[in-house]
Amino acid sequence: MTGPGAVPLGQRINFWIEDGLGAIVRSPVGSRLRRWGVTGKALVASVPFFWLLLFFLIPFVIVLKISFSDSVIAMPPYQPLFGWASEKVLEIKLNFGNYAFLIEDNLYIKAYLNSIFVAAVSTLLCLLIGYPMAYAIARSNAATRNVLLLLVILPFWTSFLLRVYAWIGILKNNGLINNTLMSLGLIDQPIQMLQTDFAVYVGIVYSYLPFMILPLYANLEKMDLTLLEAAADLGCKPWQAFLKVTLPLSLPGIIAGCLLVFIPAVGEFVIPALLGDPGMLMIGKVLWTEFFNNRDWPVASAVAIALLLFLVIPIMFFQRAQDAESAGVHK
Amino acid sequence: MSGGRPWFRMLALALGFAFLYIPIVSLVVFSFNESRLVTVWGGFSTKWYGALLDNQQIIGAALLSLKIAAISATVAVVLGTLTGMALARFGPFRGRTMLSGMATAPLVMPEVITGLSLLLLFVTLEQLFGWPEGRGMTTIILAHVTFAMAFVTVIVQSRLAQFDESLEEAAQDLGARPAKVFFLVTLPIIFPALLSGWLLAFTLSLDDLVIASFVAGPGSSTLPMVVFSKVRLGVSPDINALATILIVIVAIGVAIAGVVMSRQQKTRDRDAQMALAANQQMIDSLKKG
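Rules used in this analysis
Residues numbered from 1 in each chain as written. Chains lettered and ligands numbered in written order. Predicted model: local features only at pLDDT ≥ 70, side-chain atom pairs only at ≥ 80, totals over all residues. Heavy atoms only, no water. Helix = DSSP H or I, 4+ residues; strand = E, 2+ residues; numbered from the N terminus. Buried < 20%, exposed > 50% of the residue type's maximum accessible area, 1.4 Å probe, protein only. Contact = heavy atoms within 4.5 Å. Areas by Shrake-Rupley, 256 points an atom, 1.4 Å probe, with all protein chains shown as cover. Phe/Tyr/Trp six-rings, centres within 6.5 Å; stacked < 30°, edge-to-face > 60°. Polar contact = N/O pair within 3.5 Å; in protein donor to acceptor, adjacent residues only side chain to side chain. Buried area = accessible area lost by both parts, 1.4 Å probe. Salt bridge = Lys/Arg side-chain N within 4 Å of Asp/Glu carboxyl O. Nonpolar A, V, L, I, M, F, W, Y, C, P; charged D, E, K, R; others polar. Axes fitted to C-alpha atoms, helices over the stretch in contact; angles between N-to-C directions. Parallel < 35°, antiparallel > 145°, perpendicular 65-115°, else oblique. Left-handed = near helix turned anticlockwise from the far one by under 90°. Patch = residues over 30% accessible without salt bridge, like charges linked within 9 Å, V, L, I, M, F, W, Y side chains within 5 Å. Expected span 1.5 Å × (residues − 1). Disulfide = S-S within 2.5 Å.

This part takes up the overall build of chain A. Scanning chain A from N- to C-terminus turns up 15 helices and two strands. A buried classification covers 46% of the 331 residues belonging to chain A. Within chain A, counting contacts between residues at least 6 apart in sequence, those at least 24 apart form 68% of the total. Entry remark: accessible area of chain A is about 17100 Å², with carbon and sulfur atoms responsible for 69%.

The structure is reproduced here in structure tokens:
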């Protein structure tokens, strides 16, 4: 395509990169950085490191700080923690009142427990629906497998908010399900489904199902099928082989999938806000209300810290699993 | 060979996919409904698309969301690639555990916590340094970069773990500096992963309601924020029209990606076959000689 003597664009770009990088490395700045022990690798790792430090870790310290301060009507609506009591005495006013408030008012404890319960049940439902699907996808032939996998991921690419919204039209009193049942003559009056706990479960399971299927599929697809043949040769019935071989081997996938569903579901806000009963207590909704409606930033912070303390253990579990997974692939 | 009963697997897939797709199909069908009552069919009409395009608030919010999504996806890909490289290729280094922890935690962190903590950070930073001045597009972008880069990191890291390090080692043995190895060897190989990482980050940003609500300022309402405030008051057919447009865009994007990838796969297969054939020829000629 290119005439004789013309250098293809790709190669030209490569030359630019080479020259540019060489110039930086050879420049006085480059050699000075090297003398300080600043290597390219350290630079590469430190950029995301400091980004995450500033925008991920430090914010939690600030949340912790503000959870100990008093709420005032001002902007920002909280009192500074540090003040000068006299000229030389630095005063730190720690206010545990926000946490005491969380314990005294049993609304918060109820909301925590209810969120954990709803998240746990939804996770179990996701597992019950997702496992057979992941299994079926992993055991179909290669061409079908890719199409099925794409079909699992596809809804995930369309807006989450709009997919939750779709359920309002399906579940409401003159919605798709009730209209169908009534026209078939199966019921005389619409069944109340929207604004119930049932709708919240449907919404969470529906939205988080791909997060369960994908790690399960990744695990089941890697499984050595000769193990099942061996089990069959030794006289195992298919369901026995499933319980004794497939299920235990897929445990890492089950754990990863369950954590990916459970942890975010505990703090879920959009689904209970759109599909649930307005009075339904979910901790994500409580935090949202404290922040946006009551403008009580310190109490919202205390709610966040308490939620985080509860989730730290499952999150660390998840990181362990994630690390083991990437290390396993590496070998 | 594959074990299990085929009918059971078929049933699981049929029910599962029905569950996943019926809501989406219903969104599309009722966007063409004449009646304002979204779920009662009143005849075919495209009037809600017209209503949507006349809605300046939604159009403005959509443009803002697209801008935010494009910028934050690009930054997230750069930072996520750096993180993925450091975690997959640098071996043990000081701070590795912390980096990997900070890079994976945003994947599961409840959005209300991320949103609140980032808002408090921005407020504190503004008090201390006067930056970022107020809240709006900048703060939303910073927030979206932070949580989207976690997803990019996972994709890049797993792609790096899949391919053989020996290619990079070979380039280094031939005298290429590490940076050159990265741009000439690593980057072209992981490019598909970067592309899907960018698309994922873009989608996540475009879709985010909770974090954006916390860190947005007055006058910077993103599309999900406008949709949420509308939807809270009940169903409205123009939102169905909006959903349908988004679904069509995604479907076209996926179809294009599918065609490109299968074409690449074919080229790769053909190259592999040609290499095999050449090998065979060489072996044959050696045998003869």
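All names here are of chain A. Inspection of every chain in the model, using the stated rule, returns 28 aromatic pairs over all chains. When the centroid spacing of 4.8 Å and the interplanar angle of 50 degrees are considered together, the rings of tryptophan 51 and phenylalanine 55 count as tilted. Here tryptophan 51 pairs with phenylalanine 55, and both are found in helix α3 (residues 40–67), just four residues apart, close to one helical turn. Since its relative accessible area comes to 19%, tryptophan 51 is described here as buried. According to the relative accessible area criterion, phenylalanine 55 is buried, its value standing at 6%. Both rings, one in tryptophan 167 and one in tyrosine 206, keep their centres 5.4 Å apart while their planes meet at 75 degrees; by these two values the pair is edge-to-face. You can see tryptophan 167 sitting in helix α7 (residues 160–171) and its partner tyrosine 206 sitting in helix α9 (residues 197–222), a full 39 residues away along the chain.

Here serine 213 of chain B is to be found in helix α9 (residues 210–215). A polar side-chain atom of serine 213 of chain B sits 2.7 Å from the main-chain carbonyl oxygen of leucine 209 of chain B. In this structure, serine 213 of chain B is in contact with Trp288 and Phe292 of chain A together with Met225 of chain B, ignoring residues within four places of it in sequence.

Contact residues are listed per partner, giving 95 residues for chain B and 93 residues for chain A. In total, chain B and chain A occlude about 8700 Å² of area from one another, counting both sides; carbon and sulfur atoms represent 80% of this. For the pair chain B and chain A, the number of links is zero salt bridges. Seen at the junction of chain B and chain A, the total is nine residue pairs in polar contact (both at pLDDT 80 or more). Broken down by class, the residue content of the side of chain B that touches chain A amounts to 65 nonpolar, 21 polar and nine charged.

Residues and elements named next belong to chain B. Under the defined criterion, the tally for this structure stands at five salt bridges over all chains. In this structure, lysine 47 engages glutamate 34 in a salt bridge whose closest nitrogen and oxygen atoms are separated by 3.2 Å. Highlighted residues: lysine 47 in helix α2 (residues 47–54) and glutamate 34 in the loop between α1 (6–31) and α2, separated in sequence by 13 residues. As a salt-bridge pair, glutamate 168 and arginine 89 come within 2.8 Å of each other at their nearest N and O atoms. Of this pair, glutamate 168 sits in helix α7 (residues 166–173) while arginine 89 sits in helix α3 (residues 56–89), placing them 79 residues apart in sequence. A relative accessible area of 7% means that glutamate 168 is categorised as buried.

This paragraph deals with the packing of helix α5 (residues 106–138) of chain A against α1 of chain B. Orientation of α5 of chain A relative to α1 of chain B, taken along the N-to-C sense of each, is 120 degrees, at an axis distance of 9 Å. By the angle between their directions, the pair α5 of chain A and α1 of chain B is classed as oblique. Considering only the axes of α5 of chain A and α1 of chain B, their crossing is left-handed. Of α1 of chain B, the residues touching α5 of chain A (which contributes Pro132, Met133, Tyr135, Ala136 and Ile137 of chain A) are Phe8, Arg9, Ala12, Leu13, Gly16, Phe17 and Leu20 of chain B.

All names here are of chain A. A surface patch of nonpolar side chains, about 350 Å² in accessible area, is lined by Leu124, Leu125, Leu128 and Ile129. Tracing the chain through its elements places isoleucine 129 in helix α5. According to the relative accessible area criterion, isoleucine 129 is partly exposed, its value standing at 32%.

Moving on, we come to unusual backbone geometry. The step from tryptophan 131 of chain B to proline 132 of chain B runs through a cis peptide bond, and the omega angle for that step is -5 degrees. One non-glycine residue, glutamine 195 of chain A, lies in positive phi territory at about 60 degrees. Mapped onto the fold, glutamine 195 of chain A is located in the loop between α8 (176–183) and α9. A positive phi angle is found at arginine 295 of chain A, which is not glycine, with a value near 50 degrees.

Another point: α7 of chain A. End to end, α7 of chain A covers 17 Å across 12 residues, agreeing with the expected 16 Å (1.5 Å per residue, within 8%). Regarding α7 of chain A, its N-cap is serine 159 of chain A, as a side-chain oxygen of that residue lies 3.3 Å from the backbone nitrogen of leucine 161 of chain A further along.

Glancing now at the environment of proline 252 of chain A. As for its placement among the helices and strands, proline 252 of chain A is situated in helix α12 (residues 251–266). Note: C-alpha distance between proline 252 of chain A and alanine 324 of chain A (72 residues apart in sequence) is 9.6 Å.

Structurally, a disulfide amounts to a covalent bond that connects the sulfur atoms of two cysteines. Residue and element names in this part refer to chain A. Across all of its chains, the model carries zero disulfides over all chains by this definition. In this model cysteine 126 remains outside any disulfide bridge; the closest cysteine sulfur is found in cysteine 258, 8.6 Å from its own. By relative accessible area, cysteine 126 is classed as buried at 0%.

Below, the discussion takes up the environment of isoleucine 211 of chain B. Residue and element names in this part refer to chain B. Locating isoleucine 211 in the fold gives a position in helix α9. What makes isoleucine 211 buried here is its relative accessible area of 2%. C-alpha separation for the pair isoleucine 211 and isoleucine 140, spaced 71 residues apart in sequence, amounts to 7.9 Å. When sequence neighbours within four positions are dropped, the list of residues in contact with isoleucine 211 reads Glu111, Thr114, Gly115, Ala143 and Phe147.

This part covers helix α4 (residues 96–108) of chain B. Burial runs high along α4 of chain B: 10 of the 13 residues are buried. When we look at burial in α4 of chain B, the residues that qualify are Leu99, Ser100, Gly101, Met102, Ala103, Thr104, Ala105, Pro106, Leu107 and Val108 of chain B.

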